[in-house]
Amino acid sequence: MGNPHIWDLATAPYPNCTRVIYPLFAGSSPQRSPVPSPPASPRTQESCGIAPLTPSQSPKPEARGPQQAPFSVVVAIDFGTTSSGYAFSFASDPEAIHMMRKWEGGDPGVAHQKTPTCLLLTPEGAFHSFGYTARDYYHDLDPEEARDWLYFEKFKMKIHSTTDLTLKTQLEAVNGKKMPALEVFAHALRFFKEHALQELREQCPSLLEEDSVRWVLTVPAIWKQPAKQFMREAAYLAGLVSREDAEQLLIALEPEAASVYCRKLRLHQLVDLSSRAPGRGCLGERRSIDSSFRQAREQLRRSRHSRTFLVESGVGELWADMQAGDRYVVADCGGGTVDLTVHQLEQPHGTLKELYKASGGPCGAVGVDLAFEQLLGRIFGEDFITTFKRQRPAAWVDLTIAFEARKRTAGPHRTGAVNISLPFSFIDFYRKQGGHNVETALRKSSVNFVKWSSHGMLRMSCEAMNELFQPTVSGIIQHIEALLDRPEVQGVKLLFLVGGFAESAMLQHAVQAALGTRGLRVVVPHDVALTILKGAVLFGQAPGVVRVRRSPLTYGVGVLNRFVAGVHPPDKLLVRDGRRWCTDVFERFVAAEQSVALGEEVRRSYCPARPGQRRVLINLYCCAAEDARFITDPGVRKCGALSLELEPAEGGPDAAGAPPGRREIRAAMQFGDTEIKVTAIDVSTNRSVRAAIDFLSN
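The notes below deal with the structure included here.

The rules behind each value
- Residues numbered from 1 in each chain as written.
- Predicted model: local features only at pLDDT ≥ 70, side-chain atom pairs only at ≥ 80, totals over all residues.
- Heavy atoms only, no water.
- Helix = DSSP H or I, 4+ residues; strand = E, 2+ residues; numbered from the N terminus.
- Expected span 1.5 Å × (residues − 1).
- Bend = angle between axes of the 7 residues up to and from the residue.
- Buried < 20%, exposed > 50% of the residue type's maximum accessible area, 1.4 Å probe, protein only.
- Pairing = 2+ DSSP bridges.
- Polar contact = N/O pair within 3.5 Å; in protein donor to acceptor, adjacent residues only side chain to side chain.
- Salt bridge = Lys/Arg side-chain N within 4 Å of Asp/Glu carboxyl O.
- Disulfide = S-S within 2.5 Å.

## Some points on helix α16 (residues 462–484)
The end-to-end C-alpha distance of α16, which contains 23 residues, comes to 31 Å, matching closely the 33 Å that a straight helix rising 1.5 Å per residue would cover. Maximum bend of α16: about 40°, positioned at Q470, with proline P471 one to four residues after it.

## Notes on helix α11 (residues 366–380)
The first and last C-alpha atoms of α11 sit 21 Å apart over 15 residues, in line with the 21 Å expected at 1.5 Å per residue. Among all positions in α11, only V368, D369, A371, F372, L375, L376, G377, I379 and F380 are buried. One or two residues past the end of α11 sits G381, with phi positive at roughly 100°.

## Re the pairing of strand β16 (residues 327–333)
Counting buried positions along β16 yields six of seven residues, so the element is predominantly enclosed. Connecting β16 to the antiparallel partner strand β17 (residues 338–346) that follows it, the hairpin turn spans four residues. In terms of strand pairing, β16 meets strand β22 (residues 494–498) through five bridges, oriented parallel. Among the inter-strand pairings, Y328 is bridged to a residue of β22, identified as L494.

## Quick look at the side chain of T162
By the secondary structure assignment, T162 is in the loop between α4 (157–161) and β11 (170–172). Polar side-chain contacts of T162 include one of 2.6 Å to the backbone oxygen of K158.

## Some details on the pattern of salt bridges
A full pass over the atoms with the stated rule returns 32 salt bridges. With its nearest N and O atoms 3.9 Å apart, the salt bridge here joins R408 to E503. In this pair, R408 sits in the loop between α13 (393–407) and β19 (418–421) while E503 sits in the loop between β22 and α17 (505–515), placing the two residues 95 residues apart along the sequence. Overall, the relative accessible area of 47% leaves R408 in the partly exposed class. A salt bridge links R604 to E587, with the shortest nitrogen-to-oxygen separation between them at 3.0 Å. Of this pair, R604 sits in strand β29 (residues 600–607) while E587 sits in strand β27 (residues 579–590), and the two are 17 residues apart along the sequence. Overall, E587 belongs to the buried group, its relative accessible area being 3%.

## Considerations on the state of the cysteines
On inspection of all chains with the given rule, the structure shows zero disulfides. Counting only cysteine sulfurs, C333 is the nearest neighbor of C363, a cysteine outside any disulfide, at a range of 9.4 Å.

Here it is as structure tokens:
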């Protein structure tokens, strides 16, 4: 196979650079004058000279409907920061969603329709267990033996927080040992695959072929392309699907999945927080919010779409009672992130249109856990907590479990103190390390709202527990308020609060108190922690339900344009073979916040640098700004590469009459799906070219 050649006209003109491939369409600007192609010469063939072909108008984006493959069942895996699970539905009855079987183990008094995102590997790095089984087995290990086992928990956020994510990124177990993150995620996904397929075969013995299963993986909408690709690579390694059957796996955005599910809900399946009685520590009583939409219903009756038609077409009663075209926000509050999306319900088919790009940040329930850890550091010393976590990892897990159970009971109107059990190994280890007991440490610390109880427990006042929640809850509200201030979100009527952290009475009360004054109805589904999982199943059955999305970033490539004095900076001037070129021009494919329809294509054509070339690589750039002019502008960065794998070209002119070396490869990119996709064809043979965009080898 020939050497790969990189097309990046930002570097191509300079001496000793690699040979480049040239764009057939250098851009779409109507001001650019045609530039005749110079004749081929030995110098052009053997040096890094530039021979751009004639620039011309790029074809307008073309929308194509997504092609659906026949799958008999959809299995969705909600891979969460703190808990995970799967659900499925059959194509014969797509809205009958089957939850996974109850997990063995669990915490007393806590419903466990999911299992903790905990992975246990043997000292040799082999898979041992996942979920409650992993957590309980690790907890019961001898402390000395536990040091050698690899226990991973809450590791999903590493993929979001790592700025230079690659396939070689490492994850650290609680004992400090590291292993490739890709293998950790693959172990977890393989567990879910085997668990789900076993249950499917028990329910449907005729399900013999794994390729009849469509898999759906959920990820936060704020994740960037490298993180989404990482999850897909982990799925390949886990054996969920093969690269050749990539369409068998869908990446679902978590707030989108929740939105798809919420649009199906009936009024009695929702709780309007504005009508809740104060002082309740759990979801409020069921009250119909039908009266809130009487005016909208009357307007709807005067429209051409009746309520009966909307309900029968699959749109829930809530939406049927609302005026067509209403906008709403989904706030997915999970273990690691708050993920926000804004949708408009389109009639008559109930499709969804994204009105503003996904937003949010790392404000999840784990922030409360971190605040508790910092509180312990203030009392017992940060160095001690770090040492204890490393040398007594199983005991640390035991302590976090104890805190989690008490955290779930926290409420805004609770008046009594909270007792948290300290493991004996914590008490003993502190006495040996610190030279005195934990009661003395509490007495000497500056933390006045945490005491030592006569029962040998940490006793936290309700004010202390509220303080642990405050930074995370405030961060969530700030993200929501910033979104609501956007012009695109004006007129919003509803906010759906979903995700595991949305079960918290503390969060529910704070969101309602902060946003109720805006006239916003804050609504919580009864099965709030399962909303994303169930929605992901529905999304897998009908991935075209989200018809329009907003691009989170501006994407494009670097090209040469004809130099225009007074328009282009002098330092970008390149004179080559008597022609004046402007280097480093950022040719935009799609702009940040631009609406892009599902299936809409951006087409570009490229020509290999030399006959017989078997692979071409085209550098991709991105930025948050919409008006970047050059790839050297602040904020513009190289984010990936478009790869085209070419079959050997047949000798002689191609079908279009082009001479050898002018072989046209036409690439079509889609930015309106949950992942950026690309396809390509060889124009001379009309055959497909293997094309891919790599965001992980940057």
